[in-house]
Amino acid sequence: MIIELPDLAAMEAFGTWIAEEIQVGDVIALSGGLGAGKTTLARTIINRLGHWGEVPSPTFTIIETYDHLRLPLVHADFYRLEDPSEALEIGLDDYREGAALIAEWPDHAGGFEHEAGCLSITLETVGEGRQAIVKGGKAWQSRMP
């Protein structure tokens, strides 16, 4: 499925839909080049789940946790990982226990497409806006618009 995101309002509406549908165990895998809008979309999802205040990019910390939301959430940015095994070394599986995951640069952590609860989103710049190429795993099929 391709979703056109011509402006920030469209990106926020897309993030709101994801926040309404996300469940414990899900992975929102965000791919795309630098500046494609991955962190903007992640921030919208986190805000719509009930976080008020700043949502720092986890580029340097790699993982930020949000236990006070509608459901526990882990926001990870795997850009700095040099090998997928590093995701296990930092304890990703422990962080994910009982939570949902937003994963930026998921390929750097070995990818999550094999998981039934993975919603893969590739963001691309199109003119002044963005385009989202969305693929839902088995658990997402009944939740897709």
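Our subject is the structure that appears above.
Below is a summary of the structure that appears in this document. Because the structure is predicted, anything quoted here is derived from the model rather than measured.

**So, the nonpolar core**
By size, the foremost hydrophobic cluster in this structure holds 29 residues, and its most contacted members are F14, I18, I28, L41, L73 and I121. Only β1 (2-5), α1 (8-21), β2 (27-31), α2 (38-48), β5 (100-104), β6 (118-126) and β7 (129-136) provide two or more residues apiece to this core. Counting residues per element, this core draws most heavily on α1, which supplies 5 residues. Grouped together as the second largest cluster of nonpolar side chains are 17 residues, V27, I63, W105 and A109 included.

**Let's talk about the environment of E64**
Note that E64 resides in strand β3 (residues 63-66). In sequence terms E64 and N47 are 17 residues apart; their C-alpha atoms lie 14 Å from each other. Not counting residues up to four positions away in its chain, the partners in contact with E64 are P56, P58, L73, V74 and H75. A polar contact is formed between the side chain of E64 and the side chain of T61, at a distance of 3.0 Å.

What counts as what
- Residues numbered from 1 in each chain as written.
- Predicted model: local features only at pLDDT ≥ 70, side-chain atom pairs only at ≥ 80, totals over all residues.
- Heavy atoms only, no water.
- Core = buried A, V, L, I, M, F, W, Y, C linked by side-chain atoms within 4.5 Å.
- Buried < 20%, exposed > 50% of the residue type's maximum accessible area, 1.4 Å probe, protein only.
- Helix = DSSP H or I, 4+ residues; strand = E, 2+ residues; numbered from the N terminus.
- Contact = heavy atoms within 4.5 Å.
- Polar contact = N/O pair within 3.5 Å; in protein donor to acceptor, adjacent residues only side chain to side chain.

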